Amino acid sequence: MALLEIRTYPNPVLRKKTTRVTEFNDELKALVHDMAETMYDAPGVGLAAPQVGRPIRLVIMDLSDKDEPRQLLVLANPEISEGEGTELAEEGCLSLPELTAKVTRFTHIKVKGQNIDGEPIEFEAEDWFARVVQHEVDHIDGTLFLDKISVLKRAMYKKKCKKELAEKQG
Ligand SMILES: [Zn+2]
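It should be emphasised that the depicted structure is a prediction, and the values quoted were computed from it without experimental measurement. (Residues numbered from 1 in each chain as written. Predicted model: local features only at pLDDT ≥ 70, side-chain atom pairs only at ≥ 80, totals over all residues. Heavy atoms only, no water.)

*Asks:* It is not clear to me how the side chain of His-139 should be interpreted in this structure. Could you clarify?
*Replies:* As for its position among the elements, His-139 is in helix H2 (residues 127-140). If near-sequence neighbours (up to four positions away) are discounted, His-139 is found in contact with Leu-14, Ala-48, Pro-50, Gln-51, Cys-93 and Leu-144. (Helix = DSSP H or I, 4+ residues; strand = E, 2+ residues; numbered from the N terminus. Contact = heavy atoms within 4.5 Å.)

Below is the structure:
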């Protein structure tokens, strides 16, 4: 088991088209294990496979409080079938270091997908939970919350990343 490298913007894998998960085998379970370890270590509340360089439709989440037992939710091939109500609230992302900005999301959604064994699952999510699901599902569609913020804030962040990249390359 290992910590995986979290890819950050503008790594092209974050924009790559993802393929459906079709084999629910030991390899997938090992990937989920490593992704969970990476997410808890970061720490983050959600992680999508493209963020660790794997362009497949797989996301994990854990919204339990620090003093609660961990509750890992694994979602393969997730789809949001319905959305209601909207709310503007602050988000961050492990692939967008140092960026927080307000994003509009549905407050109530219906989600379908498959669990780690490939069995169909269906549930409803509200508020913060609904927000995290929408954020992670965006990742497997190649969308970052950067795409949903104000033009000015987005331009500033892109400029900052470009500058940092140029400095790194010396
Ligand atoms: Zn993210």
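Next comes the rest of the write-up.
*Asks:* Honestly, the coordination of the zinc ion in this entry has me stumped. Any pointers?
*Replies:* Coordination angles at a metal have ideal targets, namely 109.5 degrees for four tetrahedral donors and 90 or 180 degrees for six octahedral donors. Around the zinc ion, the protein contributes the donor atoms Cys-93 (SG), His-135 (NE2) and His-139 (NE2), at 2.0 to 2.2 Å from the metal centre. Here the donor residues for the zinc ion map to a single chain with the spacing C-x41-H-x3-H. Linking Cys-93 in the loop between strand E3 (73-91) and strand E4 (101-114) with His-135 in helix H2, this pair joins segments that are 42 residues apart in sequence. Since its relative accessible area comes to 12%, Cys-93 is described here as buried. Judged by relative accessible area, His-135 falls into the buried class, the value being 8%. (Donors = N, O, S within 2.8 Å, 3.2 Å for Na, K, Ca; no water. Buried < 20%, exposed > 50% of the residue type's maximum accessible area, 1.4 Å probe, protein only.)

*Asks:* Just checking my understanding: could you explain the sheet that holds strand E2 (residues 58-61) for this structure?
*Replies:* Picture the strands of a sheet paired through backbone hydrogen bonds; they go either parallel or antiparallel. Here five strands make up an open sheet; going across it, the order is E1-E2-E3-E4-E5 and the pairing antiparallel. A single partner strand is all that each edge strand has here, and the edge strands are strand E1 (46-48) and strand E5 (120-126). Averaged over all adjacent pairs, the angle separating strand axes in this sheet is 30°, with direction ignored. Here four bridges tie E2 to E3, and the two strands are oriented antiparallel to one another. The residue of E3 that forms the bridge with Leu-58 is Ala-76. Sheet strands in contact with helix H1 (residues 26-41) are E1, E2 and E3, and its direction is about 45° off that of E2. (Pairing = 2+ DSSP bridges. Axes fitted to C-alpha atoms, helices over the stretch in contact; angles between N-to-C directions.)

*Asks:* Would you mind going over the packing of aromatic side chains with me for this structure?
*Replies:* The geometry of two aromatic rings is summed up by the distance between their centres and the angle between their planes. Applying the stated criterion to the full structure yields two aromatic pairs. Note on Tyr-9 and Tyr-157: the rings are 6.3 Å apart at their centroids and 40° apart in plane angle, and the pair reads as tilted. Taken together, the residues Tyr-9 in the segment before H1 and Tyr-157 in helix H3 (residues 151-169) connect sequence positions 148 residues apart. Each member of the pair, Tyr-9 as well as Tyr-157, is classed as buried. For the ring pair Phe-123 and Phe-129, a centre distance of 5.6 Å and an interplane angle of 5° mean the geometry is stacked. Relative accessible area serves as the criterion here: at 25%, Phe-129 is assigned to the partly exposed category. (Phe/Tyr/Trp six-rings, centres within 6.5 Å; stacked < 30°, edge-to-face > 60°.)

*Asks:* Would you mind going over the environment of Pro-12 with me for this structure?
*Replies:* For Pro-12, the position within the fold is in the segment before H1. Take Pro-12: its relative accessible area is 60%, and that puts it in the exposed class. Taking the C-alpha atoms as reference points, Pro-12 and Leu-72, 60 residues apart in sequence, are found 27 Å from one another.

*Asks:* Just checking my understanding: could you explain H3 for this structure?
*Replies:* Note that an α-helix has 3.6 residues per turn; residues three or four places apart therefore point the same way. Taking 1.5 Å as the rise per residue, H3 with 19 residues should run 27 Å; its terminal C-alpha atoms sit 27 Å apart, in good agreement. The positive-phi residue at the C-terminal boundary of H3 is Gly-170, with phi of around 60°. (Expected span 1.5 Å × (residues − 1).)

*Asks:* Sorry, what's going on with the side chain of Asn-77 here?
*Replies:* Looking at where Asn-77 falls in the secondary structure, it is placed in strand E3. In terms of polar contacts, Asn-77 uses its side chain to reach the backbone amide nitrogen of Val-21, at 2.8 Å. Setting aside chain neighbours within four positions, we find Asn-77 in contact with Arg-20, Val-21, Phe-24, Arg-57, Lys-112, Gly-113 and Gln-114. (Polar contact = N/O pair within 3.5 Å; in protein donor to acceptor, adjacent residues only side chain to side chain.)

These figures come from the coordinates and say nothing about function on their own.
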